[in-house]
Amino acid sequence: MSTTRKKRSGYMRLDPTEVELRRIGLGMSVKDLKDAATISDETWQRVIKGEEIWMDSAVDVQKALGVKNLLEIMHPAKLAELTGMVAGAAPASGLADWQMDEPLSGCLNTSNGLKYFTWKLKHRLEGNRFARGKRYDLSPLPTAEQDRLSNYLSRHGEVCNRIGAHPRFPKHLTTVPDSSGQSWWTLDEWIPGRSLAEVLLCGNLPRGLLARVMREIMEGLQALHAAKVIRRELSPRFVLLREHDRSVVLTDFELGKLFDGSPTVASDWLGDPYRAPEIGDEPLTEQDRHVDFYSWGRILLHASCGGLPPVGQEAACLDSADLPVKVREITQRCLATDVNQRPRSADEVLKAIRYWH
């Protein structure tokens with residue numbers, strides 16, 4: 001592949017999981033992206049490994065992905081370096097007992113417009129105690145919008161507490177605003193491990209691990225649905241694999257739909273290659289659990305094929321995957337465009353995959 005000569009204007013590191021999520025969301029192949037950004041195979045490998053590349057190349061990747069601000073795909077360590085958010089420099093704002101220890105993400109955007117950063121936090125008195133913290137920045141928003149959205153920032157903790165002790169969910173610690181009220185922190189216990197999105201950068205999951213991960217994700221959905229919660233926005237970056245045994249923990253429930261009279265978190269939903277296409281068109285009811293099964297099916301495709309095909313082109317990928325017949329059949333139903341063909345309960349899916357190993 002030919003590339004144009006780029007000016008050398010310093011170095012940049014990009015967040016591989018964010019780059020991949022946006023590439024997949026645009027339906028671009030790796031070749032499409034490399035051609036659009038005029039970068040070499042070597043530069044692309046450095047992007048995927050989270051290594052430094054020339055700033056000009058980073059900007060070209062940004063433009064090829066249609067990203068407005070480079071901060072949105074910047075590697076968290078580089079972002080911390082450039083903004084002076086160095087580990088241990090000060091208490092996390094609003095959290096006197098905790099200090100920022102290690103950035104876990106750059107600036108991320110939820111589908112309803114909130115911006116947040118994810119940090120590993122360290123307790124200031126208990127040196128071997130850590131937490132996973134998400135800092136939501138409301139400052140760019142008008143006051144009325146801040147007040148409206150702040151009502152939803154307790155949603156994650158509410159869902160975790162509703163589920164209670166469960167191996168597929170983290171223990172929630174607290175949700176608290178800073179002194180200005182323009183930023184909020186939500187904290188969970190620290191779980192060593194990596195997101196499924198990070199793991200999938202290296203390709204598809206081995207067969208045995210694939211079966212267990214997909215079963216455990218469905219067990220998490222089963223618990224959510226029993227608690228009258230629909231996840232709505234399930235993707236590999238919201239699935240953690242524990243370091244010691246690679247078991248599943250589901251995270252980030254701010255956009256969950258609760259059927260208890262709680263207001264619905266809704267706005268202009270951004271594109272997501274794992275989300276059911278009908279979400280956002282009509283209000284969900286308790287009978288619409290099938291939207292989570294669609295996301296489960298898309299994750300299975302990605303994890304078994306080493307990549308995610310565009311919506312509507314799943315058949316070839318599914319046919320080529322090393323899957324038992326019953327697993328392939330239930331996945332086809334989960335991905336059906338006609339929602340009436342999708343499974344009606346997590347129990348139905350778990351029954352279909354119970355002998356998958």
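Higher on the page you've got the structure.
Residues numbered from 1 in each chain as written. Predicted model: local features only at pLDDT ≥ 70, side-chain atom pairs only at ≥ 80, totals over all residues. Heavy atoms only, no water.

Asker: Can you tell me about the packing of helix H1 (residues 16-25) against helix H3 (residues 41-48), naming the residues and giving the values?
Answerer: Relative orientation of the contacting elements H1 and H3 amounts to 115°, with a least axis distance of 8 Å. One finds that H1 runs roughly perpendicular with respect to H3. When H1 is examined against H3, the residues Pro16, Val19, Glu20 and Arg23 are found in contact with a partner set consisting of Trp44, Val47 and Ile48. Here the residues of the contact of H1 with H3 are counted per class, giving five nonpolar, no polar and two charged. (Axes fitted to C-alpha atoms, helices over the stretch in contact; angles between N-to-C directions. Helix = DSSP H or I, 4+ residues; strand = E, 2+ residues; numbered from the N terminus. Parallel < 35°, antiparallel > 145°, perpendicular 65-115°, else oblique. Contact = heavy atoms within 4.5 Å. Nonpolar A, V, L, I, M, F, W, Y, C, P; charged D, E, K, R; others polar.)

Asker: Please set out the pairing of strand E6 (residues 115-123) residue by residue, giving values where relevant.
Answerer: Counting buried positions along E6 yields seven of nine residues, so the element is predominantly enclosed. Examined bridge by bridge, strand E4 (residues 95-103) and E6 share five bridges and lie antiparallel to one another. Paired with Gln99 across the two strands is Lys122, which belongs to E6. Note that E6 and strand E7 (residues 130-137) share eight bridges and pair antiparallel. Bridge pairing in E7 links Phe117 to Arg135. (Buried < 20%, exposed > 50% of the residue type's maximum accessible area, 1.4 Å probe, protein only. Pairing = 2+ DSSP bridges.)

Asker: Mind laying out the state of the cysteines, listing which residues take part and the relevant values?
Answerer: For the structure shown, the criterion picks out one disulfide. Disulfide partner of Cys305: Cys317, at an S-S distance of 2.1 Å. The S-S bond linking Cys305 to Cys317 shows a torsion near 125°; that makes this disulfide right-handed. Note that Cys305 is positioned in helix H10 (residues 290-305) and Cys317 in helix H11 (residues 314-320), a separation of 12 residues in sequence. Judged by its relative accessible area of 11%, Cys317 falls in the buried class. (Disulfide = S-S within 2.5 Å.)

Asker: Tell me about the packing of helix H9 (residues 207-226) against H10, and please be specific about residues and values.
Answerer: The N-to-C vectors of H9 and H10 enclose an angle of 165°; their axes lie 11 Å apart at closest approach. Between H9 and H10, the interaxial angle falls into the category roughly antiparallel. Two packed elements cross with a definite hand, and for H9 against H10 that hand is right-handed. Residues Leu210, Met214, Ile217, Met218, Leu221 and His225 of H9 lie in contact with H10, whose contacting residues are Asp292, Phe293, Trp296, Ile299, Leu300, Ala303 and Ser304. Grouping the amino acids of the contact of H9 with H10 by side-chain chemistry returns 10 nonpolar, two polar and one charged. (Left-handed = near helix turned anticlockwise from the far one by under 90°.)

Asker: Describe unusual backbone geometry, with residues and values.
Answerer: The phi dihedral of Thr38 is positive, around 50°, even though this residue is not glycine. For Thr38, a relative accessible area of 23% translates into the label partly exposed. Even without a glycine there, the phi angle at Asp252 is positive, about 65°. Relative to the elements of secondary structure, Asp252 occurs in the loop between strand E13 (248-250) and strand E14 (257-258). Looking at Asp252, the relative accessible area reads 5%, which means it is buried.

Asker: Summarise helix H4 (residues 55-64); cite the residues concerned and give the values.
Answerer: Residue pairs spaced three or four apart in an α-helix point in one direction, given the helix's 3.6 residues per turn. Taken together, the buried positions of H4 are occupied by Asp56, Ser57, Ala58, Val61, Gln62 and Ala64. If you follow the buried residues of H4, they end up packed against strand E1 (11-13), H1, helix H2 (30-37), H3 and strand E2 (52-54). Backbone geometry just downstream of H4 places Gly66 in the positive-phi region, at approximately 70°.

Asker: Can you tell me about the sheet that holds strand E12 (residues 239-242), naming the residues and giving the values?
Answerer: With antiparallel pairing, the three strands of this open sheet are ordered in space as E10-E12-E13. The sheet terminates laterally at strand E10 (193-195) and E13, the two strands that pair on one side only. Averaged over all pairs of adjacent strands, the angle between their axes in this sheet comes to 30°, without regard to strand direction. Across three bridges, the pairing between E12 and E13 is antiparallel. Pairing of Val239 across the sheet is with Leu250, part of E13. Strand contacts of H9: E12 and E13, with the helix running at about 35° to E13, the strand carrying the most contacts.

Asker: Quick one: what's the story with the packing of aromatic side chains, residue by residue and with numbers?
Answerer: All told, the structure shown has three aromatic pairs when counted by the stated rule. Both rings, one in Tyr11 and one in Trp54, keep their centres 4.6 Å apart while their planes meet at 15°; by these two values the pair is stacked. Of this pair, Tyr11 sits in strand E1 while Trp54 sits in strand E2, placing them 43 residues apart in sequence. Accessibility expressed as a relative area gives 44% for Tyr11, which makes it partly exposed. (Phe/Tyr/Trp six-rings, centres within 6.5 Å; stacked < 30°, edge-to-face > 60°.)

Asker: I'd like a rundown of the nonpolar core, residues and numbers included.
Answerer: Ranked by internal contacts, the top residues of the largest apolar core, which has 57 residues, are Leu196, Leu205, Val213, Met214, Ile217, Trp296 and Trp356. Ignoring anything within four residues of it in the chain, the contact list for Val213 reads Leu196, Leu205, Leu241, Arg246 and Val248. Among the nonpolar cores identified, the runner-up in size contains 31 residues, and Val47, Ile48, Leu70 and Ala131 belong to it. (Core = buried A, V, L, I, M, F, W, Y, C linked by side-chain atoms within 4.5 Å.)

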